Amino acid sequence: MNLGGGPDGVPLRAEEKVNFNRDVRPVFSDTCFQCHGPDEAKRKAGLRLDTRETAVKPAESGAIAIVPGHPEQSELIKRLTAKDPDDVMPPAKLHKTVTPAQIEAIKKWIAQGAEYQGHWAFLKPERPAVPPVADKSAVVRNPIDNFILARLAKEGLKQSPEADRATLQRRTTSTRDNRTASSARLTAALTSEKRSPRVRSDIDRTRIP
Ligand code: HEC
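Residues numbered from 1 in each chain as written. Predicted model: local features only at pLDDT ≥ 70, side-chain atom pairs only at ≥ 80, totals over all residues.

**Some points on the nonpolar core**
For soluble globular proteins, nonpolar side chains are generally found buried alongside one another. Definition in use: Each nonpolar core consists of buried Ala, Val, Leu, Ile, Met, Phe, Trp, Tyr and Cys residues. Their C-beta atoms, within 7 Å, join them into a set. Three classes are used. A residue is buried when 20 or more other C-beta atoms lie within 10 Å of its own, exposed when 12 or fewer do, and partly exposed in between, with C-beta atoms placed from the backbone. For helices the rule is a DSSP run of H or I covering at least 4 residues; for strands it is a run of E covering at least 2, with both sets numbered from the N terminus onward. What counts as a contact is two residues whose backbone-derived C-beta atoms lie within 7 Å of each other.
If you look at the biggest cluster of nonpolar residues, it comprises 19 residues, and the most contacted ones within it are Val 24, Ala 65, Ile 66, Leu 80, Ile 106, Trp 109 and Ile 110. Going through the elements one at a time, helix 1 (20-31), helix 4 (75-80) and helix 5 (100-111) are the ones with two or more residues in this core. Considering each element in turn, this core owes the most residues, four residues, to helix 5. Discounting residues that sit within four places of it in the chain, Ile 110 has contacts with Ile 66, Pro 68, Pro 71, Ser 74 and Ile 77.

Rendered as structure tokens:
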């Protein structure tokens, strides 16, 4: 069941927690904060959405923008989904739209309790749990592969087989040196690993052990 959508259009699964800084803040800051943000002089309707404390209080009209746990009671969702051009937010004259996937993510974030986070730059980095790999045939060399495989699974994609040595050589040269591989390097890549240790180190240097 698709209960929502990430801002990038990838459906969020039911159990997935919406991340305020990743999924919600960018939408608010792009389309709402200029009228409902920290600048008091520009603030409309007495509504301030950049702090939780103010967003969950009744605005001037008495309506409550965010009722944590209850998207259906939240004025903010009513306004985002309003059909009447007089009610819809952001106002049409702004020429900015909030996509259906973004609205779904905001709905879900409210349903999950509407937790705000500090700006990411001030948050202590946290090591995320390494996701398990369901695809038994996948090649996992280090934990970064677990994250990539989890995202591929979410997108319904599968890991591609490892490229041949010439392709790897071409990619490593262009990634590392920002130039195309010389034909000598390519030829070397096609010969065996034992005979061309240089190629091996080129390719291995771009891998994380
Ligand atoms: C260009 C200014 C502007 C922007 C940008 C804007 N709003 Fe508004 N907003 C207003 C004005 C003016 C009102 C009061 C008039 C009305 O109720 O429609 C309002 C009212 C509201 C209300 C109702 C408050 C109440 O008192 O009942 C909500 C909720 C709301 N906005 C949410 C949003 C959200 C969410 C965004 C971003 C997606 C947004 N607004 C972007 C100007 C803006």
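**As for the site of the ligand**
What counts here: Here, nearness means that the C-beta atom of a residue, built from backbone geometry, sits within 6 Å of the molecule or strand in question. Charged means Asp, Glu, Lys or Arg here, nonpolar means Ala, Val, Leu, Ile, Met, Phe, Trp, Tyr, Cys or Pro, and polar covers whatever is left, Gly included.
Lining the immediate surroundings of the ligand are 23 residues, of which Cys 32, Cys 35, Ala 59, Ser 61 and Ala 63 lie closest. Within the residue set of the shell around the ligand, elements represented by two or more residues are helix 2 (33-36) and helix 4. Looking at the shell around the ligand, the element that brings in the most residues is helix 4, giving four residues. Looking at the shell around the ligand residue by residue, the class counts come to 14 nonpolar, four polar and five charged.

**Quick notes on unusual backbone geometry**
The amide bond that connects Met 89 to the next residue, Pro 90, takes the cis arrangement and shows omega of -5°. Relative to the assigned elements, Pro 90 resides in the loop between helix 4 and helix 5. Here the phi dihedral of His 95 falls at roughly 55°; this positive angle occurs in a residue that is not glycine. Classification of His 95 as exposed rests on a count of 7 C-beta atoms within 10 Å. Of note, Ala 114 is a non-glycine position whose phi angle comes to about 50°, a positive value. Following the sequence through the fold, Ala 114 ends up in the loop between helix 5 and helix 6 (143-154).

Just geometry here; none of it tells us what the structure is for.
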